[in-house]
Amino acid sequence: MRRLFTITLIYIFISTTQGFSQQAFEAGEWFKFRIHYGLFNASYATLEVDETSLNNKPVYHVKGRGKSTGLLSLFFKVDDDYQTYIDRKTGKPYKFIRKINEGGYTKDLEIDFDHRDNKAHVLNRETNKRNSYWVPDNVHDMLSAFYYIRNQINGRDLRPGDEMTLKMFIDDENTDFKLVFLGREVIKTKFGKVATLKFRPYVLAGRVFKEKESLTFWVSDDKNKIPIKIEADLAVGSLDADLEAYKGLKHQFSIIMN
């Protein structure tokens, strides 16, 4: 289960497009997710958005937290803190913070993005070492990618089989991801029936996932593009995540009442 919760988040945050328009979210938005690992209610995770400034630039400050609960926390403790600062106009990340403890596997990184010089400056707080890496244009971190994609998905234009890619920088390397749109589906949630868009990213098989097509996720087919559900077949067991609570949405959450 090493890096289980981190990797689950990574594969949600995928998209490909050059433009950016602020449509899907605003400051004050907050999500809570319940994560199940097999029979365990493994953890809860939250995402929230605030407005602030960084180096005199107006940014959204996004904070993601995850903690293990119940029986699972007795033998596999998870305490994750993710933060990103993204430009309010372009959606590009300026700073990313990743401080995690997942069953004794720890990381404490701070990454500053210089988009003009195509550099990512990484501070490893555990070793107090700094390194700089080349990054491509339009690169994203784990959290900024999620909020970028929500502003870019146009459900009306998607057709089953459409593929999308995104360039990401994770820890100390550049990574390309491919995402395939599977179709539209109405699923039952605690809030009622929700019309969703269903995606499947191609993932690395072996260490965590059974196969490269082992992960599926659903986002609401409305203006919010809320992540509703995740399913993953892991090398050992399975993982499900469901939206548990929300507030501060920019648009009304579309729920099918019949």
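Everything below is about the structure shown above.
Remember, it's a predicted structure, so these values are computed and weren't measured experimentally.

*Asks:* Can you walk me through the overall build of the protein in this structure?
*Replies:* Looking only at helices and strands, the protein features three helices and 14 strands. Relative to all contacts within the protein whose residues are 6 or more apart in sequence, the contacts with residues 24 or more apart total 51%. For the protein, the exposed area adds up to about 12600 Å²; of that, 46% sits on carbon and sulfur atoms.

*Asks:* Just to check I follow, could you spell out the packing of aromatic side chains for this structure?
*Replies:* For any pair of aromatic rings, geometry is given as the distance between the ring centres together with the angle between the planes. Taken as a whole and assessed by the stated rule, the structure comprises 12 aromatic pairs. On the basis of an interplanar angle of 65° and a centroid distance of 6.0 Å, the ring pair of F191 and F253 is categorised as edge-to-face. With a gap of 62 residues between them, F191 in the loop between β10 (173-189) and β11 (192-201) and F253 in the segment after β14 (238-247) connect regions that are remote in the sequence. Among the aromatic residues, those joined into a ring-pair cluster are F25, Y60, F146 and Y147. The ring of Y60 carries the charged tip of R88 above its face, separated from the ring centre by 5.9 Å.

*Asks:* Whenever I open this one, the environment of G91 confuses me. Can you help?
*Replies:* Take G91: it is sitting in the loop between β4 (78-87) and β5 (93-102). When its relative accessible area of 1% is taken as the criterion, G91 is described as buried. Through-space distance from the C-alpha of G91 to that of A145 is 8.6 Å; in sequence the pair is 54 residues apart.

*Asks:* Which parts of the structure should I look at to understand the nonpolar core?
*Replies:* Of all hydrophobic cores here, the largest spans 55 residues; its most connected members are F31, Y147, F169 and F199. Broken down by element, the residue count for this core peaks at six residues, all from helix α3 (residues 142-152). Ranked by size, the runner-up nonpolar core spans five residues in total, among them L54, V59, Y94 and I97.

*Asks:* Explanation requested: the pattern of salt bridges in the structure shown.
*Replies:* Proximity of charged atoms lets side chains of opposite charge pair with each other. In this structure the tally under the stated criterion is 15 salt bridges. As a salt-bridge pair, K229 and E231 come within 3.9 Å of each other at their nearest N and O atoms. It is possible to trace a salt-bridge network through shared partners that takes in K95, E110, D112 and R125.

*Asks:* Could you clarify how one ought to interpret α3 in this entry?
*Replies:* At 3.6 residues per turn, the α-helix brings residues three or four places apart onto the same side. Summarising burial for α3: 11 of the 11 residues are buried, a large majority. Every buried residue belonging to α3 is among M142, L143, S144, A145, F146, Y147, Y148, I149, R150, N151 and Q152, and all of these are buried. Two or three places before L143, at the opening of α3, D141 has a side-chain oxygen 2.9 Å from that residue's backbone nitrogen.

*Asks:* Which parts of the structure should I look at to understand unusual backbone geometry?
*Replies:* In this structure, D171 is a non-glycine residue whose phi angle is positive, near 65°. The residue D171 is located in the loop between β9 (163-170) and β10 in this model. The class for D171 is buried, based on a relative accessible area of 10%. Backbone geometry places K225, a non-glycine residue, at a positive phi of 55°. With respect to the helices and strands, K225 occurs in the loop between β12 (215-220) and β13 (227-233).

*Asks:* Would you explain the side chain of H140 in this entry?
*Replies:* Topologically, H140 is positioned in the loop between β8 (129-134) and α3. Among the residues examined, H140 registers a relative accessible area of 2% and is labelled buried. Beyond its immediate stretch of four places on either side in the chain, H140 contacts G91, K92, P93, A145, Y148, L166, K167, M168 and F169.

*Asks:* In this structure, what is going on with the environment of Y133? I would like to understand it.
*Replies:* Position of Y133 relative to the elements: it lies in strand β8. Here the alpha-carbon distance between Y133 and D172, two residues 39 residues apart in the chain, equals 7.2 Å. Excluding its chain neighbours within four sequence positions, the residues that come into contact with Y133 are N118, K119, A120, V122, F169 and D172.

*Asks:* What is the right way to read the pairing of strand β6 (residues 105-114) from this model?
*Replies:* When a strand is regular, its side chains alternate between the sheet's two faces. Taking burial as the measure, the 10 residues of β6 include seven buried ones, the bulk of the element. Between β5 and the antiparallel strand that follows it, β6, lie two residues; G103 among them carries a positive phi value of about 65°. The pairing of β6 with strand β7 (residues 119-124) spans six bridges and is classified as antiparallel. Residue E110 lies in a different strand from β7, and its bridge partner there is L123. Between β6 and the antiparallel strand that follows it, β7, lie four residues; N118 among them carries a positive phi value of about 55°.

Cut-off values and rules
- Residues numbered from 1 in each chain as written.
- Predicted model: local features only at pLDDT ≥ 70, side-chain atom pairs only at ≥ 80, totals over all residues.
- Heavy atoms only, no water.
- Helix = DSSP H or I, 4+ residues; strand = E, 2+ residues; numbered from the N terminus.
- Contact = heavy atoms within 4.5 Å.
- Areas by Shrake-Rupley, 256 points an atom, 1.4 Å probe, with all protein chains shown as cover.
- Phe/Tyr/Trp six-rings, centres within 6.5 Å; stacked < 30°, edge-to-face > 60°.
- Lys NZ or Arg CZ within 6 Å of the ring centre and 35° of its normal.
- Buried < 20%, exposed > 50% of the residue type's maximum accessible area, 1.4 Å probe, protein only.
- Core = buried A, V, L, I, M, F, W, Y, C linked by side-chain atoms within 4.5 Å.
- Salt bridge = Lys/Arg side-chain N within 4 Å of Asp/Glu carboxyl O.
- Polar contact = N/O pair within 3.5 Å; in protein donor to acceptor, adjacent residues only side chain to side chain.
- Pairing = 2+ DSSP bridges.

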